[in-house]
Amino acid sequence: MKPAILLFIILFFVPGVQAASTDSGIVPPGDTPPLTAFDRLKNVGGAADFDSAACAIVYDETVNTINESGVTNTTGYILYKILTGEGCKELAVLTWGYEPLTNMIEIEEINILRNDSTITVGSESLKDLPAPQRGIYWQDRIKSIQLPRLYVGDGVEVKIKRKGFSYALLDDSETAPASDNAKYTPPMPGEYFDIVLFESTRPIVEKKYVLKMPAGKRIHSQVYNGPMYSHTGYIKDTTIYSWWAKDIPAREPEKYGPDITDLVMKVVIATVENWEAKSRWFFDVNETQFEYNDAIKDKVGEILSAAGVAGGTDEEKAFELVHWVAQNIRYSGQTMGKGEGYTLHPGTMIFEQRSGVCKDIAGMLITMMRAAGLDSYAAMTMAGSRIEDIPADQFNHCVVALKQKDGSYVMYDPTWVPYDKDIWSKLESEQHYLIGSPQGETLDRIAYSSPEESPVRIQNDATILPD
């Protein structure tokens, strides 16, 4: 299992507002009327035009509107076309993930477009259910609906609204009362970030992402892995950024290939000033979680004495502690409620429960290191893929940084090293990380691990038969 934890990425998907009519309903002379959903469906062709794909995303638009406190309101519109019988099965049930403490989702409208008619799907069959969970038992939920029988050639359009932010492990103008906004304010108040993927396992005819920001907020942004269109415009008190792409082939994951986010066309966006600011925030939000009690202090003394390193070097003490934590804190995450996606649980709590996810296992090691007099800190990484230069929250894993007397750090990962003599898994070489410290750190990277450091030795014992 990938030990994904740390992040609270704003993953608003299933996208925006259908561009099907003008405000006045009157098109100026010489202008082309906006495409309707029926126009789009007729223009895209069939399965033969999409390498026999089961269905295609005909139009996908997300509009994120951000206020001064960083609260995000999202409108989403998506239009599918069913191309084969398999596509009828794929779209038979639609599902959206959310986490009630940090975000909400409303399914405003679902329509089936068949020939020239519109079949509206009522919301009475919409289910709000606990999300399937394994190893991590938080409070995320899903909304799900089964559609009426679909046919090849049908269009399915969905309009949604979201509010708030979401963190790792979720699949997916203010209208709420002012008191409600505190619930949806991001962990770094006033800041915004997003990682928008412009490719899918389904072919996409057109995908658009629109960001409406208060005029006083500035963003870092960059396009990766492919060309796309972009535009920046202004209206009173608001800057409007748009990115879009057309005719995007389906992207099928390859076994043992790089993580799909390293390959697909994407936009990474962040308002936070730099990595140092993110580092200081992560330090401040978690620093009180590493206080130890007498029981932890006694256990640390017992571990070090049993290993004969009570008077040893920092390296020897850290080696014994990382392996005790790796062997004794099982991977099983329980919710702490508010702040779950980005706040480490107290070390005293994890010591009592002897379980947690990667951030809690890391927090237990930091707590025990500090009880042993070692200068240690929490750090965020992205297990399985790279982190781009833009200081957005591209993190899904938590590890430990031990500060040396010369100011450098040695990295430890107790989640990955049970039954292993290393302090850091060779599976994580060249992985980016960001340490949370009071002075602020910049993004760094684990050193390259040569093949000689991970040898494979094979011994074959065989007997040759007489024939």
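Further up the page is the structure itself.
A brief structural summary.

What counts and how
- Residues numbered from 1 in each chain as written.
- Predicted model: local features only at pLDDT ≥ 70, side-chain atom pairs only at ≥ 80, totals over all residues.
- Heavy atoms only, no water.
- Helix = DSSP H or I, 4+ residues; strand = E, 2+ residues; numbered from the N terminus.
- Buried < 20%, exposed > 50% of the residue type's maximum accessible area, 1.4 Å probe, protein only.
- Pairing = 2+ DSSP bridges.
- Expected span 1.5 Å × (residues − 1).
- Contact = heavy atoms within 4.5 Å.
- Polar contact = N/O pair within 3.5 Å; in protein donor to acceptor, adjacent residues only side chain to side chain.
- Axes fitted to C-alpha atoms, helices over the stretch in contact; angles between N-to-C directions.
- Parallel < 35°, antiparallel > 145°, perpendicular 65-115°, else oblique.
- Salt bridge = Lys/Arg side-chain N within 4 Å of Asp/Glu carboxyl O.
- Core = buried A, V, L, I, M, F, W, Y, C linked by side-chain atoms within 4.5 Å.

**A look at the overall build of the chain**
Line of reasoning, step 1. For the chain, the count of helices and strands is eight helices and 23 strands.
Line of reasoning, step 2. Going through the 467 residues of the chain one by one, you find that 51% of them count as buried.

**Brief notes about the pairing of strand β20 (residues 397-403)**
Line of reasoning, step 1. In terms of residue burial, β20 counts as a mostly covered element, since six of its seven residues are buried.
Line of reasoning, step 2. As defined by bridge partners, strand β19 (residues 376-381) adjoins β20 across six bridges and the pair is classed as antiparallel. Bridge assignment links Ala379 to a residue of β20, and that residue is Val399.
Line of reasoning, step 3. Two elements, β20 and strand β21 (residues 409-412), share four bridges in a ladder whose sense is antiparallel. The partner of Val400 across the bridge, within β21, is Tyr412.

**Side note on helix α4 (residues 275-286)**
Line of reasoning, step 1. End to end, α4 covers 17 Å across twelve residues, agreeing with the expected 16 Å (1.5 Å per residue, within 8%).
Line of reasoning, step 2. Among the residues making up α4, those that are buried are Trp275, Ala277, Lys278, Ser279, Trp281, Phe282, Phe283 and Asn286.
Line of reasoning, step 3. On the buried face of α4, the contacting elements are β19 and β22 (432-435).
Line of reasoning, step 4. Sitting at the amino-terminal end of α4 is Asn274, which places a side-chain oxygen 3.2 Å from the backbone nitrogen of Glu276.

**Some words on the sheet that holds strand β11 (residues 204-214)**
Line of reasoning, step 1. The mixed open sheet is built from eight strands, whose spatial order is β5-β4-β9-β2-β1-β11-β14-β13. If you trace the sheet from one side to the other, it starts and ends with β5 (117-120) and β13 (229-235), each paired once. The average angle at which neighbouring strand axes cross in this sheet is 15 degrees, direction not considered.
Line of reasoning, step 2. Pairing of strand β2 (residues 72-82) with strand β9 (residues 155-164), which is carried by nine bridges, proceeds in the antiparallel orientation. Directly across from Thr75, in β9, lies its bridge partner Lys161.

**Examining the packing of helix α5 (residues 294-306) against helix α8 (residues 358-371)**
Line of reasoning, step 1. Where α5 meets α8, the axes come as close as 9 Å, and the angle between the chain directions of the two elements is 80 degrees. With respect to each other, α5 and α8 are oriented roughly perpendicular. Counting all contacts with α5, which are made through Ile296, Lys297, Lys299, Val300 and Ile303, the residues of α8 involved are Met364, Thr367, Met368 and Ala371.

**Quick look at the pattern of salt bridges**
Line of reasoning, step 1. Summed over all chains, the structure comprises 17 salt bridges.
Line of reasoning, step 2. Put simply, Arg114 and Asp154 hold a salt bridge, and the shortest N to O gap is 2.7 Å. Pair noted here: Arg114 is in strand β4 (residues 103-114) and Asp154 is in the loop between β8 (141-146) and β9, with a separation of 40 residues, a long-range link.
Line of reasoning, step 3. For Asp314, the salt bridge goes to Lys405, with nearest N and O atoms at 3.7 Å. Residue Asp314 is located in helix α6 (residues 314-328), and its partner Lys405 is located in the loop between β20 and β21; the two are separated by 91 residues in the primary sequence.
Line of reasoning, step 4. In the salt-bridge network here, residues are joined through shared partners; they are Lys266, Arg386 and Glu388.

**Re the sheet that holds strand β10 (residues 193-197)**
Line of reasoning, step 1. Strand order in the open sheet formed by three strands is β10-β15-β12, with antiparallel pairing between adjacent strands. The open sheet has two free edges, formed respectively by β10 and β12 (220-224), since each of these has just one partner strand. Pairs of neighbouring strands in the sheet enclose a mean axial angle of 10 degrees, with direction left out of account.
Line of reasoning, step 2. Across five bridges, β10 lies against strand β15 (residues 266-270) in antiparallel orientation. Along β15, the bridge assignment pairs Val196 with Val267.

**Section: the pairing of β2**
Looking along a regular strand, one sees side chains alternate from face to face of the sheet.
Line of reasoning, step 1. Here β2 lies mainly inside the structure; ten of its eleven residues are buried.
Line of reasoning, step 2. Inspection of the sheet shows strand β1 (residues 55-66) paired to β2 by eleven bridges, in the antiparallel sense. Across the sheet, Ile66 pairs through a bridge with Thr72, a residue of β2.
Line of reasoning, step 3. The hairpin turn running from β1 into β2, its antiparallel successor, is five residues long, and Gly70 in that turn takes a positive phi close to 95 degrees.

**As for the nonpolar core**
Line of reasoning, step 1. Among the nonpolar cores identified, the biggest contains 54 residues, and Leu321, Met368 and Met369 are the most heavily contacted of them.
Line of reasoning, step 2. The leading source of residues in this core is α8, at nine residues.
Line of reasoning, step 3. If near-sequence neighbours (up to four positions away) are discounted, Met368 is found in contact with Ile296, Lys299, Val300, Ile303, Leu321, Trp324 and Val325.
Line of reasoning, step 4. Within the second largest apolar cluster, 38 residues are counted, among which are Cys55, Ile66, Val158 and Ile219.

**Examining α6**
Line of reasoning, step 1. Over its 15 residues, α6 extends 21 Å from the first C-alpha to the last, a length consistent with the 21 Å expected when each residue adds 1.5 Å.
Line of reasoning, step 2. Looking only at α6, the buried set comprises Lys317, Ala318, Leu321, Val322, His323, Trp324, Val325 and Ala326.
Line of reasoning, step 3. Those residues of α6 that are buried are in contact with α5, α7 (347-353), α8, β20 and β21.

**A short note on the environment of Asp259**
Line of reasoning, step 1. Along the chain, Asp259 turns up in the loop between β14 (238-248) and β15.
Line of reasoning, step 2. C-alpha separation for the pair Asp259 and Ser385, spaced 126 residues apart in sequence, amounts to 5.4 Å.
Line of reasoning, step 3. A distance of 2.6 Å separates the side chain of Asp259 from the side chain of Thr261, its partner in a polar contact.

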